[in-house]
Amino acid sequence: MNSFTQSTSFFGGSNPEELARSFGTPLYVYNEAILRDRMRHMQGLIRSVPFTANYSIKTNSNLTLLRIALEEGLSADAMSPGEIEFLLRAGFPQERIFYVANNVSDEELRFAIDRGIMTSLDSVSQLERFGRLNPNGKCALRLNPGVGAGHHEKVITAGKKTKFAIAQEDIDHAKIVANKYNLKIVGVNQHIGSLFMDATPYLQAIENFLQLAKGFEDLEFVDFGGGFGIPYRKLSGEKTLDIDATSKALDHICEQFAKEYGKPIVFKIEPGRYIAAESCVLIGRVHSLKQNAGVHYVGTDIGMNVLVRPSMYGSWHDIEVYRDGEVLSSDDQTAIYTVVGNICETGDILAKDRTLPIVRENDLLVVLDAGAYGYCMSSNYNNRLKAAEVMIGTDGLPQLIRRRQTLEDLFREFPGF
Ligand code: LLP
């Protein structure tokens, strides 16, 4: 079977046509069973030492997903007061939230300090700011292990070409500043970038990072960050990340470090994409077909406002075509299409030169792996409304988990209109 949605019974008791008719398009559709399964993979990643998986909510902050993460026993990391607030309202206790701040104001730091939320500072200047606000407090430092990895230069967050983290040569200065304010550095964290399918650079970075960690005496935790990849080309046979091998390697490294460090220490990771991406597909409708200079365009309602990854990073998302509730087989007759949205930019391209079964108007396109950095990066560009989100529960039934925006939602931001 070459359909992911069929082989996983993704839509439970519904088909995409019924969902599109009930909830409209574009529509983000989640599958609860897949989501919980991926959360459990990450929860069980390291077994040899005390361990916590933090769900990185920048990936997807739908409150229903956050509640499920809480139920599955995950902790979470946040990047902003908004993300912290979402986690608190979803029910996360403050000690299960880790604030990984970057270039933030006094107000933002105070927001976390007032709520007792552990905060990581990623420059000496931010540490100084934190020290002024919270002398004698506890905090973490984000360190640069010198090795980065990721699917695009824009998402590599360690090494030389990045704004993130404290470089090795600045660690002594950071310690002086911490002493000045009597700050206790109880954690160190890293995040080297997003999406690796081969864990080698991640493990290498962890080795470097743990060498740096040894230079801190009061650590209660070390946090390796996220970046675990998923196969975006699964329809053509791309394999998943070898979780078992990664798990074994991590177990070994952590056990060694725990022994050498000699004090109780908790190990953490911050996965986002691995947990959310494959649990969601994006359904859109084909509204027009056109040929221009030999290119066959499929015009849909999935613009760059709905899913920006392809136009922002040139990212690939597999696409299945559904007609009257049935998936079209890629063994049928195919053609090469450029799939585009309805936004006023030529770069509004979802998939370029893509081989698909012959597409007709009113077909539905089902875009796979849309759960990570999908909805959360969507926008109101061209005054288009943000999509609705539906979850297929473990009972196979669809439930609305975020309503579609209305035009009135947009007007609400303007005083006097
Ligand atoms: N921890 C920190 C500090 C991060 O900055 C990130 C992601 C994560 C964890 C989670 O990384 P993940 O496990 O999801 O790779 N918008 C891009 C990805 C940006 C990632 C930003 N940071 C994309 O659509 O590919």
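Numbering of residues begins from 1 in every chain and follows the order in which that chain's sequence is written. Reporting in this predicted model follows two pLDDT cut-offs: at least 70 for local features of residues, and 80 or more for side-chain atom pairs to be given and counted; totals over whole chains, interfaces and linings ignore these cut-offs and use all residues. Heavy atoms from the whole structure form the basis of all side-chain values; hydrogens and water molecules are not counted.

## Focus on the pairing of strand E6 (residues 138-142)
Whether a residue is buried, partly exposed or exposed follows from its accessible area with a 1.4 Å probe, protein chains only, as a fraction of its type maximum: under 20%, in between, or over 50%, in that order. Each helix is a run of DSSP H or I of at least 4 residues and each strand a run of E of at least 2, with the numbering of both proceeding from the N terminus. Across the five residues that make up E6, a large majority, four, are buried. Across two bridges, the pairing between strand E5 (residues 118-121) and E6 is parallel. Residue pairing in the sheet places leucine 121 in a bridge with leucine 141 of E6. Regarding the hand of the β-α-β motif, the stretch spanning E5, helix H7 (residues 124-133) and E6 is right-handed. Here, any two strands with at least 2 DSSP bridges between them count as paired. Pairing analysis gives five bridges linking E6 to strand E7 (residues 184-189), with the strands arranged parallel. What sits directly across from cysteine 139, in E7, is isoleucine 185. Handedness of a crossover: with both strands directed away from the viewer, a clockwise path from the first strand across the helix to the second marks it as right-handed. With helix H8 (residues 171-180) bridging E6 and the parallel E7, this β-α-β connection has right-handed handedness.

## Quick look at the packing of helix H9 (residues 200-213) against helix H10 (residues 243-261)
Only C-alpha atoms enter the line fits that serve as axes; for helices the fit covers just the stretch in contact. Angles between N-to-C directions range over 0 to 180 degrees. At a minimum axis distance of 11 Å, the contact between H9 and H10 shows a crossing angle of 10°. In terms of orientation, H9 and H10 fall into the roughly parallel class. In this structure, H9 contributes Leu203, Ile206, Glu207, Leu210 and Ala213 to the contact, and H10 contributes Ala249, Leu250, Ile253, Phe257 and Tyr261. When residues are sorted by character, Ala, Val, Leu, Ile, Met, Phe, Trp, Tyr, Cys and Pro go into the nonpolar class, Asp, Glu, Lys and Arg into the charged class, and all the rest, Gly among them, into the polar class. Here the contact of H9 with H10 is built from residues that sort into nine nonpolar, no polar and one charged. When describing relative orientation, an angle under 35 degrees is termed roughly parallel and one over 145 degrees roughly antiparallel, while 65 to 115 degrees is termed roughly perpendicular and anything else oblique. Whether two residues touch is decided by their heavy atoms; if any such pair falls within 4.5 Å, the residues are in contact.

## A few points about the sheet that holds strand E4 (residues 97-100)
Around the barrel, which closes on itself, the eight strands sit in the order E2-E3-E4-E5-E6-E7-E8-E9 with parallel pairing between neighbours. Averaged over neighbouring strand pairs, the angle between their axes works out to 30° when direction is ignored. For E4 and E5, the ladder comprises three bridges, and the chain directions are parallel. When the sheet's bridge partners are listed, phenylalanine 98 is paired in E5 with methionine 118.

## A look at the nonpolar core
Working definition of a nonpolar core: buried Ala, Val, Leu, Ile, Met, Phe, Trp, Tyr and Cys residues. They are joined through side-chain atoms within 4.5 Å. Counting residues in each nonpolar core, the largest one holds 108 residues, and the members touching the most others are Tyr28, Val222 and Phe224. When residues of this core are assigned to their parent elements, the largest contribution, eight residues, is made by H9. Apart from the residues lying within four places of it in its own chain, the contact partners of phenylalanine 224 are Ile46, Gln190, Tyr202, Ile206, Phe209, Leu210, Leu250, Cys254, Phe267, Lys268 and Ile269. Phe4, Ala20, Tyr322 and Ala388 belong to the second largest nonpolar core, which has 18 residues in total.

## What about the environment of arginine 309?
Mapped onto the fold, arginine 309 is located in helix H12 (residues 309-313). Contacts of arginine 309, omitting those with residues within four sequence positions, involve His151, Tyr232, Arg273, Gly314, Ser315, His317, Ala372 and Tyr373. There is a polar contact of 3.0 Å between the side chain of arginine 309 and the side chain of histidine 317. Polar contact is the term for a pair of N or O atoms within 3.5 Å; when the atoms are in protein, one must be able to donate a hydrogen and the other to accept it, and sequence-neighboring residues count only if both atoms are side-chain atoms.

## Focus on the packing of helix H5 (residues 81-90) against helix H6 (residues 106-114)
Relative orientation of the contacting elements H5 and H6 amounts to 20°, with a least axis distance of 10 Å. With respect to H6, the axis of H5 lies roughly parallel. Pair H5 / H6 crosses with left-handed handedness. Between H5 and H6, the residues in contact are Pro81, Ile84 and Glu85 and Glu108, Phe111 and Ala112, respectively. Of the residues in the contact of H5 with H6, the class split is four nonpolar, no polar and two charged. Left-handed describes a crossing whose near helix is turned anticlockwise from the far helix by less than a right angle; the clockwise case is right-handed.

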